[in-house]
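Structural description and commentary
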Amino acid sequence: FWTPNVNIFRDPRWGRGQETYGEDPFLSSRMGVAVVNGLQGPADAKYDKLHACAKHFAVHSGPEWNRHEFNAENIDPRDLRETYLPAFKALVMEADVKEVMCAYNRYEGDPCCGSDRLLQQILRNDWGFQGLIVSDCWAINDFYKKGAHETEPDKPHAAAKAVITGTDLECGSTYKTLVEAIKEGLIDEETINRSLTRVMKAR
């Protein structure tokens with residue numbers, strides 16, 4: 001289930017504010033942890049009731065109309081750590097959320113679903129997240145789509161970039177070009193298998 005939405009509702013022009021728990025990082029983290037625990041069941045249970053998904057990671061709460069091209073840059077490190085990340089950190093480290101969805105926007109120049117800093121350094125390395133990272137629907141298209149982020153030249157480059165930086169599962173069709181990306185030397189099978197293992201474990 002693609003919930004809870006723990007983004008901070010800082011900008012009232014954002015069209016998704018009603019899904020969130022407001023602009024208080026502490027409240028958002030407490031509500032988010034409760035939702036994850038309720039959905040997934042006890043952490044020591046043999047089976048998960050279902051998988052919850054913390055979304056949208058990260059710094060995603062701006063105007064809806066430009067989310068596919070918007071670059072969240074020059075974010076104060078303190079604001080990042082004290083405002084935008086606490087709820088995600090709590091869901092990962094306290095509630096053991098099974099999935100995290102990367103956001104549409106860019107963070108410091110990189111699309112969130114292709115951000116080594118967000119997905120590898122913070123989520124995987126700093127917080128020890130072992131679960132599944134999923135894209136928002138068609139977010140990988142924005143890597144190459146005209147008028148969107150345009151950080152990659154085409155579909156194979158976009159697919160390779162997303163998988164290499166840690167987006168395991170795509171909601172969309174760009175990953176269909178991963179075979180082509182292998183043939184072009186953009187990614188190797190071992191890297192794809194790393195994500196595939198996470199997908200199969202989640203299933």
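Up top is the structure.
Reference entry: report on the structure contained in this document. (Residues numbered from 1 in each chain as written. Predicted model: local features only at pLDDT ≥ 70, side-chain atom pairs only at ≥ 80, totals over all residues. Heavy atoms only, no water.)

**Considering the pairing of strand S3 (residues 99-102)**
On a regular strand, one side chain projects to one face of the sheet and the next to the other, so that they alternate. Residues Glu 99 and Met 101 point to one face of S3 and Val 100 and Cys 102 to the other, with burial holding for every one of them. Bridge analysis of strand S1 (residues 53-57) against S3 gives 3 bridges, and the strand direction is parallel. Bridge pairing in S3 links Cys 53 to Glu 99. Bridge analysis of S3 against strand S6 (residues 132-135) gives 4 bridges, and the strand direction is parallel. (Buried < 20%, exposed > 50% of the residue type's maximum accessible area, 1.4 Å probe, protein only. Helix = DSSP H or I, 4+ residues; strand = E, 2+ residues; numbered from the N terminus. Pairing = 2+ DSSP bridges.)

**Overview of the sheet that holds S3**
The parallel open sheet is built from 3 strands, whose spatial order is S1-S3-S6. The outermost strands of the open sheet, each flanked by one partner alone, are S1 and S6. If you compare each strand with its neighbour and ignore which way they point, the axes differ by 25 degrees on average. The sheet strands contacting helix H3 (residues 86-93) are S1 and S3, and the helix crosses S1 at an angle near 150 degrees. (Axes fitted to C-alpha atoms, helices over the stretch in contact; angles between N-to-C directions. Contact = heavy atoms within 4.5 Å.)

**Remarks on the environment of Glu 184**
Looking at the secondary structure, you find Glu 184 in the loop between helix H6 (178-183) and helix H7 (189-202). Note on Glu 184: relative accessible area 40%, which makes it partly exposed. Here the alpha-carbon distance between Glu 184 and His 157, two residues 27 residues apart in the chain, equals 9.2 Å. With residues up to four places along the chain from it excluded, the contact list for Glu 184 reads Pro 156 and His 157.

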